[in-house]
There are 4 protein chains.
Amino acid sequence: MMEVNMNNMTIIIEGHLIDSGLLSNLLNLIVDENLDYHIDKITVGKTKVETTRAEITIFAEDQESLELVLTKVSPLGAHEKGAVDAVFERAIKDAHAPEGFYSSTNHRTEIYFGSKWNPVQSQRMDAVIIKKDHGFECTKIRDIKKGDFILCGSESVRVYPPAAEMKEDDFAFMTNEVSSERSYDIAVDTIARELKQIKEDGGKCIVVCGPVVVHTGGAPALSALIREGYIQGFLGGNAVAVHDLESFYYGTSLGVDTKTGKPTHGGHNHHMRAINRINGFGSIKKAMEAGDLKEGLMYQVEKSKIPYCLAGSIRDDGPLPETVNDMIEAQSQYAQIIKGADMILMLSSMLHSIGTGNMTPSWVKTVCIDINPAVVTKLADRGSGQAIGIVSDVGLFLNALAGRLNLKL
Amino acid sequence: MMEVNMNNMTIIIEGHLIDSGLLSNLLNLIVDENLDYHIDKITVGKTKVETTRAEITIFAEDQESLELVLTKVSPLGAHEKGAVDAVFERAIKDAHAPEGFYSSTNHRTEIYFGSKWNPVQSQRMDAVIIKKDHGFECTKIRDIKKGDFILCGSESVRVYPPAAEMKEDDFAFMTNEVSSERSYDIAVDTIARELKQIKEDGGKCIVVCGPVVVHTGGAPALSALIREGYIQGFLGGNAVAVHDLESFYYGTSLGVDTKTGKPTHGGHNHHMRAINRINGFGSIKKAMEAGDLKEGLMYQVEKSKIPYCLAGSIRDDGPLPETVNDMIEAQSQYAQIIKGADMILMLSSMLHSIGTGNMTPSWVKTVCIDINPAVVTKLADRGSGQAIGIVSDVGLFLNALAGRLNLKL
Amino acid sequence: MMEVNMNNMTIIIEGHLIDSGLLSNLLNLIVDENLDYHIDKITVGKTKVETTRAEITIFAEDQESLELVLTKVSPLGAHEKGAVDAVFERAIKDAHAPEGFYSSTNHRTEIYFGSKWNPVQSQRMDAVIIKKDHGFECTKIRDIKKGDFILCGSESVRVYPPAAEMKEDDFAFMTNEVSSERSYDIAVDTIARELKQIKEDGGKCIVVCGPVVVHTGGAPALSALIREGYIQGFLGGNAVAVHDLESFYYGTSLGVDTKTGKPTHGGHNHHMRAINRINGFGSIKKAMEAGDLKEGLMYQVEKSKIPYCLAGSIRDDGPLPETVNDMIEAQSQYAQIIKGADMILMLSSMLHSIGTGNMTPSWVKTVCIDINPAVVTKLADRGSGQAIGIVSDVGLFLNALAGRLNLKL
Amino acid sequence: MMEVNMNNMTIIIEGHLIDSGLLSNLLNLIVDENLDYHIDKITVGKTKVETTRAEITIFAEDQESLELVLTKVSPLGAHEKGAVDAVFERAIKDAHAPEGFYSSTNHRTEIYFGSKWNPVQSQRMDAVIIKKDHGFECTKIRDIKKGDFILCGSESVRVYPPAAEMKEDDFAFMTNEVSSERSYDIAVDTIARELKQIKEDGGKCIVVCGPVVVHTGGAPALSALIREGYIQGFLGGNAVAVHDLESFYYGTSLGVDTKTGKPTHGGHNHHMRAINRINGFGSIKKAMEAGDLKEGLMYQVEKSKIPYCLAGSIRDDGPLPETVNDMIEAQSQYAQIIKGADMILMLSSMLHSIGTGNMTPSWVKTVCIDINPAVVTKLADRGSGQAIGIVSDVGLFLNALAGRLNLKL
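Sequence order sets the numbering: in each chain, residues are counted from 1 along the sequence as written. In the order they appear in the text, chains get letters beginning with A and ligands get numbers beginning with 1. A pLDDT threshold of at least 70 governs which residues receive local features in this predicted model, and a stricter bar of 80 or more applies before side-chain atom pairs are shown or counted, although totals over entire chains, interfaces and linings include all residues. By convention in this description, side-chain values take in all heavy atoms of the structure and omit both hydrogens and water.

Count a disulfide wherever a pair of cysteine sulfur atoms falls within 2.5 Å. Scanning the model with the defined rule gives 0 disulfides over all chains in all. A:Cys368 carries a free sulfur, and the closest cysteine sulfur to it, the one in A:Cys205, is 12 Å from it. Of all cysteine sulfurs in the structure, the one in B:Cys205 sits closest to B:Cys209, which takes part in no disulfide; the separation is 12 Å.

Take a look at the structure:
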């Protein structure tokens, strides 16, 4: 089957290839392309601390297939043997990359250039990599400027998926499976421990928060987490803020009395009245300064002076003055806030959580809590080795978490 | 449209017809049959305590349509004006009712016979009503004996749907809506209060329990509720018992370590080992007597000597010696245990909860907790005015409930 | 309980009050406020064509409670007896209504002013009503200008919920229940008939479309519906367009080969390549003019010259040049497109469907198709008497619909 | 870390270890037990057709840990180097295995005994393996007889998970992922092709069928599949039969008219009337012979003389005379019917599908169709390399399938 005069290419891959399953993935990938391979050399790590290194030659009928497969094995950490300097092509217009552009993953990445491997800055998925004076940087297609040097091809790229780096800890073990049939207790413990550690280390934990947190009675617990310094940034939309303000001003959430649980007729207008009231002051902050707004989640966010962004959406009422209605601007603010985050808590907001996930490197720990298993699966399964998915009631969960951290509500 | 020579029938209905919406339902029902009606007399309750009474004549082209519509308005509480004694036909063979048999609802029912209205015993849905020496009794079709007197037609029947009786309390208000976007707090409060009241009054609360209670860490809280006398009967299947025993003997649930949350490889056999171990003793009770089984949910059920039934199913492993494998027998035991219940807690077990719901009168309070909204809707929406549906994490919920009742776990 | 010296107010309500259940709702509403009522006069419609008219006096300890309850019964169609001219207050600043502003419903509404009932224009929910030279108009709070005359109080308002108007047809009967346990066949028939009728009458059917339509293979069927003139407007987001373009250019959808169903490794970049390709041309339309884009859903939308809007969101990749990134602008375009619509098909896009629902009057027929029952319930249950919810596979459903209409795919 | 005087054991594993990921799993399993390993020899398959063979020594502080880990790596296909004859212990009582019993998987298994590897009969999961005169046989714990020779320990066992056998075909590729965001088209094609092939080869396809098939309008399509010889056995419960009979006798399904989709008031009794009618004849078959039952799913099942079993459950109404109420008997009949099956179609019945899955060897192809993603995931993820999960509308799906096979409905 393998003919002498076929095109071939030799690739190298190194790391915890066997226990992580990476070598399996790589070989399957080659076979799926209907190509043949030959493992030229393999040094299998004999014990659990040793890494494995393999040199594999891939055979194809044409050069194009080889180049194609290289773009596919590259995200697994493989690179061509005898790497050559990366090729950069100039963008011929704004917001447009050359045809053969390399599209980034969310894993740690290096570029072979100047006869050495160089790190990439601002790692995120679905970006191009631009050569700048100070180094190599992930950039969104829309931010390409005419004349930028865009990385093309994947011959000179190597990436480090978390699986190949294999730092085992208590957080990692929980990342296996999404199920509503799992004890909440251990999840609460693990996350409480992680939050304490991050606070102690002066780290950064960002929360992405949907309005369900307010409806299910989780807002006081989340406010306490913010007050006590466990949260360093807040991402959400217009709705979570509106319903939090409704809750303070009218004692209702979606028109339902938060004390008695009884729907208050006419309460379906309360969210509009809350918006109108804030509009009267000009902003949430001004309502606080005027002594009108005295409590709640947004109050605590403002008071703790943590950075926040409320992103607009097509379904917004109002929106509140704080809501950022331009999506390009909102994505920029989100990206700024998560920069350097150690952990991201995604609380029942699929829309904003996906938005956040798109711009988060794979090595950031993420925790996704939602009552809908399909949402949790979608969020937890983004190629990250560091995502815990929890199918649970977010209100009850936040209260259990605050209890475990002995917070006063 | 209404012709003089049409067939007609006059019905009477009385109760909280307007505020409960019953009159709307009744008129729509007539219209849906393409029949005409005329409201002959209506005395509208002028205030919220007065009831409304209406006499309505229904017109149809043939007598059959009138009889048909009577079978349909009867479950709403309407009966023919000038009620006549009920007609009973003899069953010509076992397990078979005469063609025109009356099929019961789960609402309180009376039969006009001997020129007065008589109560029906053993109320449940989908039964026939048999005239016995001591009165009138709901009986399953399969229990009909040749020669039994079976009620036919609905001319002499009146039922009392809970909506027409309208006792308002805190429990009732929660029965409106199923949603995962509701604060858990009020639900916990309401149920805790109800449990206390039932205990104080020497009442009866039955729990229907699925294995998810064990997987999500809710078993210690439920055990405490049983220990402290809040639960007077336990219904479930083989699985909840198996997983509870696995949890005690091997510290795992579905093979997952209940302390660390890590899957223990080989743990997928633990449920079989638990079954085999009990088989060795002959029963759960004998394992307790031998000092082998010392804790857990089934331990507490046995120790508290509350009646219980584990119903078998096609998917059972084992099953355990206690499991009742004959479904006719299991339904009988279930029915016996719920007799006279004040409240039923349905905890994440659709199969057993539907089985229980089928045999429960509509005036028994039911609470259904499940993380799947579709299950909660299905269970809560069984024509009962007394069902609360809660979309939540059952493990967290039971712990919050035990906390509210200050139980030691 | 009712004292002579209590405050009271008499309201009038007229329509199909009993069969629609409106009178029940109204009385419950009064009781829920802990107020008493007395039905002074009631003329019950004796037959199914006659309407009912009631005069009801409500008693309260203070005048505030009466005013409050009036705001609550007003959306049901009740108005104060002896209506007085509406009161309008001037807005003291932009985007801010006077405290007592009336918040609109999505039902047909009239204002008593100049001693007669006047219709309201641009009906939508959660708006204020402004008195303009040419009449009365629903306006979003954010669009209020200083000096505008804003309607305050609900004493001079009457609304017509669809239930009170009661036009029965085949469409209406389907609006009862959301369930995945219902035969698809009748739903397909009903919608096909409705689409034909709208086309024949020169009416307007708008589609709100999520990317799942592309992933599940529904795009060719929807394209055929557009091509044959069944659809007069297209609402969606960036994602549906991106995945449609990916499908045409690379034969994949989310990187999965649309012919073989096999994931194409590297295919996860295809959506970025599609965006980059369109960016190269400058727009979808220019890519068509250049002969590069030759088929697909967006191609058909552009070719058929129906108005469309792609609303941006925080989770967008790209976005495409056509995507409207400012949410205020996107809402305006959406509102413009649905103006005068006879029917709206909501196809598996919760975000955009809620956005659309917010601005749609309650008399517009809506059909919501999604595989998640919770989404369907949320969308179908927006106070409209004209919403069909279908829990199904949108790809299969669109194909069955195209089949029923004999469209060539 | 590895000391000379530690206990150790050498295991051998052979097959497609690397591309299937089996070696990864095996090494992780050892590490999860906190043991060390050393890969003594590894012959990596250099090309995609060559297999890999590894000898690995495992180190532990005590002999027990080694024995434990052997029970865990054994299901992956590993066996101890220099296998010794299997040890069998006598059962000391009925339905009870010796403490150290080997619990079977659903994969192909061999026992080392008499100095050679012997096949195991009646493979299923969660069974013990008994040495009989004619060979080795999987037996349920409840069927153990006192004196039976029960296999203990896993030292002399080797299993063949499908992943290690790696026969790639079109069916296999679809088994990766469960999602409602996938084109239905390819799934329909794949299953249609498979059904044709099985029919042509005189093979055996079994259907497991829930009542939703009837409610969603899929019964005529499934009946056509049976009529045309594509189905060789039918498994279900009481409900699917009851609703099918209701559909024929009264034109309703759950009381909803199957032609118009309108609920027929009083229709909620139809299922009881259908049961009563069959009870009158004595059985479904006798109702057919009497000319009373002339069409439908159960009619076709009986007419085609394919074996079937309706398993009872705690939630049954009736049940019908055909329903098997003893669960031990029902499991036996199910097991008999699936014996030798090539494919199993699981149609929207979680309960019966799990029951069937429990007794099915891993090499049987299974297809699970349900609208609830959680059910599909649970069913498709049973350690089988041959399970396709499809999140879709089962009524639409069956119709598309019948269309693809050109069946007349």
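Turning our attention to helix H1 (residues 22-32) of chain B. Turning to H1(B), its buried residues number three or more, namely B:Leu22, B:Leu23, B:Ser24, B:Leu26, B:Leu27, B:Leu29 and B:Ile30. Starting at the N terminus, helices and strands are each numbered in turn, a helix being any DSSP run of H or I of at least four residues and a strand any DSSP run of E of at least two. Residue B:Asn34 follows H1(B) closely and has a positive phi angle near 65 degrees. Between buried and exposed lies partly exposed: a residue is buried under 20% and exposed over 50% of the maximum accessible area for its type, with that area taken using a 1.4 Å probe on protein chains only.

What follows concerns the relation of the copies chain A and chain D. When chain A is fitted to chain D, the residual RMSD is 0.1 Å, and the transformation amounts to a turn of 180 degrees plus an axial shift of 0.0 Å. Considering both components of the superposition, the chain copies are consistent with a two-fold axis. Every residue of chain A has its C-alpha some distance from the rotation axis, and the shortest such distance is that of A:Gly21, at 2.7 Å. A shared interface surface links the copies, since 100% of the contact residues of chain A are contact residues in chain D too. The copies are overlaid by a least-squares fit using only the C-alpha atoms of residues whose pLDDT is at least 70 in both copies. Contact between two residues is taken to exist if any of their heavy atoms lie within 4.5 Å; hydrogens are not considered.

Moving on, we get to the UniProt feature "domain: LOR/SDH bifunctional enzyme conserved" (unreviewed entry) in chain A. Under the local residue numbering, the UniProt record ascribes the feature "domain: LOR/SDH bifunctional enzyme conserved" (unreviewed entry) to residues 10-107 of chain A. Taken as a whole, residues 10-107 of chain A contains 22% helix and 30% strand, while its terminal C-alpha atoms sit 23 Å from one another. UniProt positions are given in the numbering used here, feature names are shortened, and annotations may be inferred rather than shown by experiment.

The next thing to look at is helix H14 (residues 373-380) of chain D. Residue and element names in this part refer to chain D. Turning to H14, its buried residues are Val 375, Val 376, Leu 379 and Ala 380. Buried residues in H14, looked at end-on, bunch into an arc of 115 degrees, giving them a common side. At its buried positions, H14 is contacted by helix H13 (350-358), strand E18 (365-370) and strand E19 (387-391). Think of the arc as the fan of directions from the helix axis to the C-beta atoms.

Below, the discussion takes up the environment of A:Arg273. Along the chain, A:Arg273 turns up in helix H9 (residues 270-281). Residue contacts for A:Arg273: discarding those within four places in its chain leaves A:Tyr250, C:Glu99, C:Gly100, C:Phe101 and C:Ser103.

Attention now goes to the packing of aromatic side chains. A pair of Phe, Tyr and Trp rings is counted when the ring centres sit within 6.5 Å of each other, with Trp represented by its six-membered ring. The angle between the planes then sorts it: under 30 degrees is stacked, over 60 is edge-to-face, the rest tilted. Summed over all chains, the structure comprises 24 aromatic pairs over all chains. Here the aromatic rings of B:Phe88 and B:Phe136 are separated by 5.7 Å at their centres, their planes lie at 25 degrees, and the arrangement is stacked. Taken together, the residues B:Phe88 in strand E5 (residues 87-90) and B:Phe136 in strand E9 (residues 135-139) connect sequence positions 48 residues apart. Given the relative accessible area of 14%, B:Phe88 is considered buried. Look at B:Phe136 and you get buried, because its relative accessible area is 7%. Judged by centre distance (4.9 Å) and plane angle (70 degrees), the rings of D:Tyr112 and D:Trp117 are edge-to-face. Over a ring means this: the NZ of a Lys or the CZ of an Arg is within 6 Å of the ring centre and within 35 degrees of the ring normal. One Lys or Arg, A:Lys131, reaches over the ring of A:Phe149 and ends 5.8 Å from the middle of that ring.

Each neighbour pair has its own omega, and for B:Gly318 with B:Pro319 the value is -10 degrees, a cis peptide bond. Structurally, the position occupied by B:Pro319 is in the loop between strand E16 (308-311) and helix H12 (327-338). Unusually for a residue other than glycine, D:Ser115 sits at a positive phi of about 60 degrees. Its location among the elements puts D:Ser115 in the loop between strand E6 (108-113) and strand E7 (116-121). Relative accessible area serves as the criterion here: at 57%, D:Ser115 is assigned to the exposed category. The phi dihedral of D:Asp126 is positive, around 60 degrees, even though this residue is not glycine. Summarising the element assignment, D:Asp126 is placed in the loop between E7 and strand E8 (128-132).

This paragraph deals with the interface of chain C and chain A. Counting residues at the interface gives 50 residues for chain C, matched by 51 residues for chain A. For the pair chain C and chain A, the summed buried surface comes to about 4500 Å²; carbon and sulfur atoms form 52% of the total. Put simply, a salt bridge is a Lys or Arg side-chain nitrogen that is within 4 Å of an Asp or Glu carboxyl oxygen. Taken together, the links from chain C to chain A amount to 0 salt bridges. N or O atoms closer than or at 3.5 Å make up a polar contact, with two conditions inside protein: a donor-capable atom paired with an acceptor-capable one, and, for residues adjacent in sequence, both atoms drawn from side chains. Across the chain C-chain A interface, the total number found is 28 residue pairs in polar contact (both at pLDDT 80 or more). Contributions of two or more residues to the side of chain C that touches chain A are made by helix H1 (22-32), helix H9 (270-281), helix H12 (327-338) and helix H13 (350-358) of chain C. Summed over both partners, buried area is the accessible surface (1.4 Å probe) that two parts give up on being assembled.

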